[in-house]
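# Commentary on secondary and tertiary structure
Letter by letter, the chains look like this.
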Amino acid sequence: MIEHQIVDILLVEDNPCDAELTQRALKECNASAIVGVVTNGGEALDFLLAQGAFSHRDVVENPRVIFLDLKMPRVGGLECLRKIRTTEQISSVPVVILSSSAEEYDVMESYGLGANSYIVKPVDHDDFFETVVNVGNYWLSMNRVPSLAALPTADR
């Protein structure tokens, strides 16, 4: 369960080993970053929209970026991405696909649905860690996203 109402990165990953390694790599590139982890697209949407188990959450700001796996139970990554891009209050949140799939269909479909980036998870543990550190550095240090709080009230 996510402990914070506001997270910098929402990690949507059903593999506990990949989730733990990703969290460690993200902490290395930014120790103060708050990473929230959910295990499928349905939980991600509940968090983002403050519903279900996350109905207590005050939707103050969206995550700076979502790292989204594709192949998950319940609600998969493509379905989750489709819903994010068609829901006004969360449609501008950057989504990075972080998947073990290198299938051209998955890459094309992800970009067609509005993914901001597609990263294939390296199989090697050290390569995976380094890749996440590099991707995390970009999204946490270099990239700028608008704050929901900074938007005019009529746009919320």
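Here we summarise the structure given alongside this text. (Residues numbered from 1 in each chain as written. Predicted model: local features only at pLDDT ≥ 70, side-chain atom pairs only at ≥ 80, totals over all residues. Heavy atoms only, no water.)

### Some points on the pattern of salt bridges
Counted by the stated rule, this structure contains five salt bridges. Two residues, Asp18 and Lys121, come together in a salt bridge whose shortest N-O distance is 3.0 Å. Highlighted residues: Asp18 in helix H1 (residues 16–29) and Lys121 in the loop between strand E5 (117–120) and helix H5 (125–142), separated in sequence by 103 residues. Of the residues examined, Lys121 reaches a relative accessible area of 8% and is grouped as buried. A salt bridge links Asp106 to Lys71; the shortest N-O distance between them is 3.1 Å. Of this pair, Asp106 sits in helix H4 (residues 104–112) while Lys71 sits in the loop between strand E3 (65–68) and helix H3 (77–85); the two residues are 35 residues apart in sequence, bridging distant segments of the chain. Given a relative accessible area of 3%, Asp106 falls into the buried group. Bridged by salt links that share partners, the residues Glu13, Asp18, Asp69 and Lys121 form one connected network. (Salt bridge = Lys/Arg side-chain N within 4 Å of Asp/Glu carboxyl O. Helix = DSSP H or I, 4+ residues; strand = E, 2+ residues; numbered from the N terminus. Buried < 20%, exposed > 50% of the residue type's maximum accessible area, 1.4 Å probe, protein only.)

### With respect to H1
Here H1 contains 14 residues, and its C-alpha end-to-end distance of 20 Å stays within 8% of the 20 Å for a straight helix at 1.5 Å per residue. Turning to H1, its buried residues number three or more, namely Asp18, Ala19, Leu21, Thr22, Ala25, Leu26 and Cys29. Check the buried side of H1 and you find it contacts strand E1 (9–12), strand E2 (35–38), E3, strand E4 (95–99) and H5. Its side-chain oxygen at 2.8 Å from the backbone nitrogen of Cys17, Asn15 defines the N-terminal cap of H1. (Expected span 1.5 Å × (residues − 1). Contact = heavy atoms within 4.5 Å. Polar contact = N/O pair within 3.5 Å; in protein donor to acceptor, adjacent residues only side chain to side chain.)

### Brief notes about the environment of Gly77
Topologically, Gly77 is positioned in helix H3. When the C-alpha positions of Gly77 and Asp14 are compared, they lie 11 Å apart, and in sequence the two are 63 residues distant. The residues touching Gly77, leaving out its near neighbours within four places in the chain, are Leu68, Asp69, Leu70 and Met72.

### Observations concerning the packing of aromatic side chains
Evaluation of the coordinates by the stated rule reveals two aromatic pairs. Plain terms: the ring middles of Phe47 and Phe54 are 5.4 Å apart, the flat faces sit at 85° to each other, and that makes the pair edge-to-face. For the pair Phe47 and Phe54, one class covers both residues: buried. Aromatic pair Tyr138 and Trp139: ring centres 5.0 Å apart, planes at 85°, arrangement edge-to-face. The exposure class of Tyr138 is partly exposed, given its relative accessible area of 35%. With a relative accessible area of 8%, Trp139 lands in the buried category. The positively charged end of Arg57 is found above the aromatic ring belonging to Phe47, 4.0 Å away from the centroid. (Phe/Tyr/Trp six-rings, centres within 6.5 Å; stacked < 30°, edge-to-face > 60°. Lys NZ or Arg CZ within 6 Å of the ring centre and 35° of its normal.)

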